[in-house]
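Architecture and fold: a report
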Protein chains: 2
Amino acid sequence: MSTSPEAPDRALPRVIVIGGGFAGLAAAKILARERVRLTVLDKRNHHVFQPLLYQVATAGLSPADIAMPIRAVLRNMPDTEVLMARVERVDTGGKLVHLDRGESLPYDYLLIATGARHSYFGKPEWEKVAPGLKNLEEATEIRKRILTAFEEAERATDPARREACLTFVIVGGGPTGIEMAGAIAELARNALAADFNRINPTLARVILVEAGDRLLSAMAPVLSARAKRSLEKLGVTVRLGGRVTDVTPEGVAIGAEFIPARTTIWAAGVEPSPLAKTLGVPLDKSGRVIVEVDLSIPGHPEVFVAGDLAHVVYKGGTVPGMAPGAMQEGRAAARNILLKLGGRPARPFKYVDKGSLATIGRASAVAEVGPIKISGVIAWYMWLVVHIMYLIGFRNRLLVLIQWTWSYVTFQRGTRLITDASAPK
Amino acid sequence: MSTSPEAPDRALPRVIVIGGGFAGLAAAKILARERVRLTVLDKRNHHVFQPLLYQVATAGLSPADIAMPIRAVLRNMPDTEVLMARVERVDTGGKLVHLDRGESLPYDYLLIATGARHSYFGKPEWEKVAPGLKNLEEATEIRKRILTAFEEAERATDPARREACLTFVIVGGGPTGIEMAGAIAELARNALAADFNRINPTLARVILVEAGDRLLSAMAPVLSARAKRSLEKLGVTVRLGGRVTDVTPEGVAIGAEFIPARTTIWAAGVEPSPLAKTLGVPLDKSGRVIVEVDLSIPGHPEVFVAGDLAHVVYKGGTVPGMAPGAMQEGRAAARNILLKLGGRPARPFKYVDKGSLATIGRASAVAEVGPIKISGVIAWYMWLVVHIMYLIGFRNRLLVLIQWTWSYVTFQRGTRLITDASAPK
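Notes on the structure in this doc start here. (Residues numbered from 1 in each chain as written. Chains lettered and ligands numbered in written order. Predicted model: local features only at pLDDT ≥ 70, side-chain atom pairs only at ≥ 80, totals over all residues. Heavy atoms only, no water.)

Examining the overall build of chain A
- Counting its secondary structure elements, chain A contains 11 helices and 27 strands.
- Against the globule reference of 22 Å for 425 residues, chain A gives a C-alpha radius of gyration of 22 Å, in line with a compact fold.
- Taking the principal axes of its C-alpha atoms as reference, chain A extends roughly 70 × 50 × 40 Å.
- Expressed as a percentage of its 425 residues, the buried residues of chain A come to 59%.
- The contacts in chain A between residues at least 6 apart in sequence include a share of 64% that link residues at least 24 apart.
- Total accessible area on chain A stands at roughly 16,800 Å², and carbon and sulfur atoms take up 55% of it.
- Taking the average location of the 53 positive side-chain charges in chain A and that of its 41 negative ones, the two points are 4 Å from each other. (Helix = DSSP H or I, 4+ residues; strand = E, 2+ residues; numbered from the N terminus. Rg over C-alpha atoms; globule rule 2.2 N^0.38 Å. Buried < 20%, exposed > 50% of the residue type's maximum accessible area, 1.4 Å probe, protein only. Contact = heavy atoms within 4.5 Å. Areas by Shrake-Rupley, 256 points an atom, 1.4 Å probe, with all protein chains shown as cover. Lys, Arg positive; Asp, Glu negative; His and termini not counted. Charge placed at Lys NZ, Arg CZ, Asp CG, Glu CD.)

Things to note about the sheet that holds strand β7 (residues 96–99) of chain A
All names here are of chain A.
- One open sheet holds the 3 strands; their spatial order is β6-β7-β8, and the pairing between them is antiparallel. For this open sheet the edge positions go to β6 (87–91) and β8 (104–106), each flanked by a neighbour on one side alone. For this sheet, the mean inter-axis angle between neighbouring strands, taken without regard to orientation, is 20°.
- In the sheet, β7 pairs with β8 via 3 bridges, with the strands oriented antiparallel. (Pairing = 2+ DSSP bridges. Axes fitted to C-alpha atoms, helices over the stretch in contact; angles between N-to-C directions.)

Quick word on the side chain of Thr 263 of chain B
Residue and element names in this part refer to chain B.
- Residue placement: Thr 263 occurs in strand β17 (residues 263–266).
- Residue Thr 263 is classed as buried on the basis of its relative accessible area of 2%.
- Other than its neighbours up to four places away in sequence, Thr 263 contacts Arg 145, Ile 146, Ala 149, Thr 167, Phe 168 and Val 169.

Considerations on the environment of Ala 218 of chain A
- Inspection of the secondary structure puts Ala 218 of chain A in the loop between β12 (205–210) and α8 (221–233).
- Between the C-alpha atoms of Ala 218 of chain A and Gly 102 of chain A, which are 116 residues apart in sequence, the distance is 42 Å.

Comments concerning the packing of aromatic side chains
- In total, this model carries 22 aromatic pairs over all chains according to the counting rule given.
- A network of ring pairs unites the aromatic residues Tyr 120, Phe 121, Trp 126 and Trp 266 of chain A as a single cluster.
- Sitting over the ring of Phe 196 of chain B, Arg 71 of chain A keeps its end group 3.9 Å from the ring centre.
- Positioned above the aromatic ring of Tyr 408 of chain A, the side-chain terminus of Arg 362 of chain A is 4.2 Å from the ring centre. (Phe/Tyr/Trp six-rings, centres within 6.5 Å; stacked < 30°, edge-to-face > 60°. Lys NZ or Arg CZ within 6 Å of the ring centre and 35° of its normal.)

Focus: the relation of the copies chain A and chain B
- Take chain A, turn it by 180°, move it 0.0 Å along the axis, and it overlays chain B with an RMSD of 0.0 Å. As the rotation angle and translation indicate, the two copies are arranged about a two-fold axis.
- When the interface residues of chain A are mapped onto chain B, 100% of them again fall at the interface, so both copies present the same face. (Least-squares fit on C-alpha atoms with pLDDT ≥ 70 in both.)

Points about the environment of Lys 95 of chain A
- Assignment of secondary structure puts Lys 95 of chain A in the loop between β6 and β7.
- Excluding anything up to four places from it in sequence, Lys 95 of chain A contacts Leu 105, Pro 106, Tyr 107, Asp 108 and Glu 302 of chain A.

Quick look at the interface of chain A and chain B
- Tallying the contact residues gives 71 residues for chain A and 71 residues for chain B.
- Between chain A and chain B, roughly 6,400 Å² of surface is buried when both sides are summed, and carbon and sulfur atoms account for 50% of that area.
- At the junction of chain A and chain B, the tally comes to 12 salt bridges.
- When the shortest N-O distance is used, the salt bridge between Arg 198 of chain B and Glu 81 of chain A registers 2.9 Å.
- Linking chain A to chain B there are 32 residue pairs in polar contact (both at pLDDT 80 or more).
- Mapped by element, the contributors of at least two residues to the side of chain A that touches chain B are β4 (67–69), α3 (70–73), β5 (80–84), α5 (136–155), α7 (175–191) and α11 (394–410) of chain A.
- In terms of residue count, α5 of chain A provides more of the side of chain A that touches chain B than any other element does, 9 residues in total.
- Taken together, the residues of the side of chain A that touches chain B break down into 29 nonpolar, 18 polar and 24 charged. (Buried area = accessible area lost by both parts, 1.4 Å probe. Salt bridge = Lys/Arg side-chain N within 4 Å of Asp/Glu carboxyl O. Polar contact = N/O pair within 3.5 Å; in protein donor to acceptor, adjacent residues only side chain to side chain. Nonpolar A, V, L, I, M, F, W, Y, C, P; charged D, E, K, R; others polar.)

Some points on the pattern of salt bridges
Residues and elements named next belong to chain A.
- Inspection of every chain in the model, using the stated rule, returns 36 salt bridges over all chains.
- Here Glu 137 ties to Arg 44 by a salt bridge, and the two come within 2.6 Å at their closest N and O atoms. Residue Glu 137 is found in helix α5, and its partner Arg 44 is found in the loop between β2 (37–42) and β3 (46–48); the two are separated by 93 residues along the sequence.
- Glu 137 gets classed as buried once you look at its relative accessible area, which sits at 8%.
- Of the residues examined, Arg 44 reaches a relative accessible area of 12% and is grouped as buried.

Structural measurements only, silent on function.
Structure, rendered in structure tokens:
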């Protein structure tokens, strides 16, 4: 790379963080304050608060309300640089990170936190038909598909086509799946109800398909049952034990049964970022890097992995792939890098389970904190407070709070835009 | 079209409005309250408050802050339907509007208000390189290009490339051009200044190219001079009498001179929507429909044209292509339709010039109201009040006010997102 007058202190140890998600950003915020030369790499310019992506996808919030430029989070740090770049591979032997334009950056310590992407169980062709919800582009694409389905239904003259337009299938009964199902059902029943003439949006069918025998399998069975009941109250059809065998633009097959549906949303599974494979270390069955107790990789005490890319053992399983675990791992990896730089031994990572939360539409949620299981409006308030608290930036918090209040009072959703880069000019 | 239980009263006269911009929506709001069967057609699902598009393009506001679903504006009206559809042509003889899927809708009265699109003076190939600012997709595309230019500059190793990345050319010195130039200059000098390490964003060059001999040619010369001075104070280079002869991804040619620039924005001219040509009536030189004094078209007293598509004579010229004129024309056309339906004669349209406003960055604007010419902070407050007042929807007004206050206090811009449907997943 070129030398420029603004270049940071070259005598400092070089630390690279790949990925500006929850794990990477939590690490970068610690490292940026210390005497290291820090480079943060991400192929996007912004951090996204993923737990609220479903709100963008269902026209409740704008993309910018839940995102923040990574370099704005790390501004005014003379020894920290942020580069929008894609990492092609990591050369752990030569201690080099190779970027997409042939450049390579040397490091003394490296943290890889590139997360996960959707997994279609060996059927990549389903992705076009059934997008998932991992980034802002996918969220606005899903928003477009949901809103366009109602517009198409209003125009349709064939009753079968109209019904398919008004059928929404969500595949996967985890937190994202139930949040999407609840939000689409409310959108149809409230915000859209009075806006159409030929169709009745409240007759829209929302079908949540889960292959397992209960929703929210990571939570207690009693909460799974309550979530199911809450969804059914909203008019959602919950299909447990339903294994999706085909997804086409015309609908979804579950074994011999075919559900005609114009809109299918994927919330069924993720796979780790492909960068894991370039490290030359053992991966688990799903492709995650099996890390040491200090989150470094075997044979390379200077390389750390955190977040959804890491297989971190916890209570016979692994740390769940949610924001709190990723942030804890990111911070622990950053502190271990600083310990090693100071010549001290790294500390083993200890996951603190702060509980989990999932919301099911208006004023309803389920929460599990240690032995305590809560559902209904109190869980919903907890969900509200936690999500606003952890959003980055005062502006974002204020805007989200105002828009939620407005939506709560008016039953409306404020960002009902069909936008598309390929739209007619 | 099929008959459905929700179909409106078929005995009512059928009125179709094509276009949900300022003219079409102003007309629809009047017609929806009367005893007519109203259909509003637009290829998009939303109305956009175009005067603030430049704020979306320069990361100050989110798309949803300045837009509103057309069917939400016209909700709860049993005899009004909104269809998201593209109109292919109008058959004034058969009184039919032909849609993009082969359907046709009959009408008794028709208002065409499909507005204008960018004109590249016979060089359509410039559009890809130098997008204009007519809709939300274009605004987010321009935002992406501006922000990506700074990211690219930070990564660039070649000094010439770096300089081209930090050069922004705006073609056209009307209100949109000066608003864009002022906003980009402020973005570079304030919001981005502390966020980069290798580059100094405050060194970005913003060049405003105008072919005429002054900016804001529709306003008084004294205001043109003040606008120029305000822009220069912000660091903008104003090039008057500069005729652009070529636009390429590498930069802009003005005669023999070539300005290397990665980002070029088109604010130079518009041409009427192609629907005008399908009417079989005389058009003016630029392609607008020359309407009668009551805004109907020659030979068809049941067909009206309003907004940027209409050539409406005013003081030796035509009504300027701005929001107030379009809204006045839309309302007048709606009232004339109602008069004719009641068997009474239509009234000639009278344009009321309420003045014009243009803003030049932080706390600076120029305003002309009749003989009064104002510039500086008072004009800026006028601009602020007028723009918030005319925004549709309480939610939008509140969000815009909050974000402007936040930006004003912090010098930040809140929606600095690089998003792209074709971005890597």
